[in-house]
Amino acid sequence: LLERLEHKDLSTFLIDLLDHPVPEVRQDALVRIQDVEFAVAFSAVRSRIEHDEDPQVRAEALKALCALGEAEVVDYVTPYLEHSDPEICLGATVGLLRNGGIDGVLLAGNRLLETSNSALPAERIFAARTLGEVGIRSFYRPLLGLLQDNDPGVRRAALVAAAEIRSPRLWPLVL
C-alpha cells in the first residue's frame with residue numbers, strides 16, 4: 001500500500017525491515033528495494049550480504065545491491081559467483097546478469113554457460129534456475145539443451161525457466 005501511495009518514508013520502512021527477525025520479511029524488503037531502487041539503502045543491503053546468516057536473504061541482497069549499484073559493484077559481487085552455497089551463487093549470478101553492465105554479463109554469463117554444459121545435473125539445474133530467475137527472453141539458448149537433458153530434474157527446472165522466459169523459440173521443445 002505504501003508503494004502504491006509513493007509514501008515519502010517508504011525507504012526508511014524498508015531499510016528498517018532488513019533487521020526483522022523473520023528471514024522472509026527481510027527477503028521481501030530486499031525485493032521491494034530492488035524494484036524501487038532506493039540508493040539510500042545501499043549500505044544496509046551490503047550489510048545484509050556480509051552479516052545475514054540466511055543464504056536466501058544474502059542472495060536477495062546480492063540482487064538488490066546489483067540493482068542499486070549496477071556496474072559499480074561488479075568487483076564486489078564477482079567473488080560470490082564461486083560461493084560454496086548455491087543460493088548465494090544464484091543471487092550473484094542473477095544480479096550481475098540483470099544489472100552488472102557488460103562486465104557483469106560477461107563474468108556471470110561465462111559461469112552460466114559453464115554450468116549449463118556441466119556433467120553434473122545439479123549444476124545444470126542451477127543454470128536453468130538462473131535463466132528463469134533472470135527472465136530475459138533473449139537468454140533462451142542454453143535452455144534448448146536443458147529442455148532435452150537426460151536428467152528429469154534438469155528438464156523440470158528448464159520447463160519452469162521456459163515459463164518465466166516466455167520465448168516463443170522454446171515452445172516447440174516445451175510442447
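A brief structural summary.

## Concerning the packing of helix α7 (residues 86–99) against helix α9 (residues 121–134)
One can describe the packing of α7 onto α9 by two numbers: an axis separation of 10 Å at closest approach and a directional angle of 45°. In terms of orientation, α7 and α9 fall into the oblique class. Crossing hand, α7 versus α9: right-handed. Contact with α7, carried on its side by P86, E87, C89, L90, T93, V94, L97 and R98, involves F126, R129, T130, E133 and V134 of α9 and no other residues of that element. When its residues are assigned to classes, the contact of α7 with α9 shows seven nonpolar, two polar and four charged.

## A word on a negative patch on the surface
Where like charges cluster on the molecular surface, the negative patch consists of D35, E37, E70 and E72. Residue classification places E72 among the exposed residues on the basis of a relative accessible area of 74%.

## A closer look at the pattern of salt bridges
Applying the stated rule across the entire model yields ten salt bridges. The closest approach of N and O atoms between R48 and D19, which form a salt bridge, is 3.0 Å. Of this pair, R48 sits in helix α4 (residues 42–51) while D19 sits in the loop between α2 (10–17) and α3 (23–36); the two residues are 29 residues apart in sequence, bridging distant segments of the chain. Classification of D19 as exposed rests on a relative accessible area of 59%. D52 is the partner of R26 in a salt bridge, and the nearest nitrogen-oxygen pair spans 2.7 Å. With a gap of 26 residues between them, R26 in helix α3 and D52 in the loop between α4 and α5 (55–69) connect regions that are remote in the sequence. R26 gets classed as buried once you look at its relative accessible area, which sits at 9%. Of the residues examined, D52 reaches a relative accessible area of 5% and is grouped as buried. Where salt bridges share partners, they join D19, R26, R48 and D52 into one cluster.

## Examining the state of the cysteines
Taken as a whole, this structure holds zero disulfides when the rule is applied. Between C66, a free cysteine, and C89, which holds the nearest cysteine sulfur, the sulfur-to-sulfur gap is 13 Å.

## Let's talk about unusual backbone geometry
The residue E70 is not glycine, and still its phi comes out positive at about 50°. Relative to the helices and strands, E70 resides in the loop between α5 and α6 (74–77). Phi is positive for R166, which is not a glycine, with a value near 60°. The topology assignment puts R166 in the loop between α11 (152–165) and α12 (171–174).

Criteria and thresholds
- Residues numbered from 1 in each chain as written.
- Predicted model: local features only at pLDDT ≥ 70, side-chain atom pairs only at ≥ 80, totals over all residues.
- Heavy atoms only, no water.
- Axes fitted to C-alpha atoms, helices over the stretch in contact; angles between N-to-C directions.
- Helix = DSSP H or I, 4+ residues; strand = E, 2+ residues; numbered from the N terminus.
- Parallel < 35°, antiparallel > 145°, perpendicular 65-115°, else oblique.
- Left-handed = near helix turned anticlockwise from the far one by under 90°.
- Contact = heavy atoms within 4.5 Å.
- Nonpolar A, V, L, I, M, F, W, Y, C, P; charged D, E, K, R; others polar.
- Patch = residues over 30% accessible without salt bridge, like charges linked within 9 Å, V, L, I, M, F, W, Y side chains within 5 Å.
- Areas by Shrake-Rupley, 256 points an atom, 1.4 Å probe, with all protein chains shown as cover.
- Salt bridge = Lys/Arg side-chain N within 4 Å of Asp/Glu carboxyl O.
- Lys, Arg positive; Asp, Glu negative; His and termini not counted.
- Charge placed at Lys NZ, Arg CZ, Asp CG, Glu CD.
- Buried < 20%, exposed > 50% of the residue type's maximum accessible area, 1.4 Å probe, protein only.
- Disulfide = S-S within 2.5 Å.

Just geometry here; none of it tells us what the structure is for.
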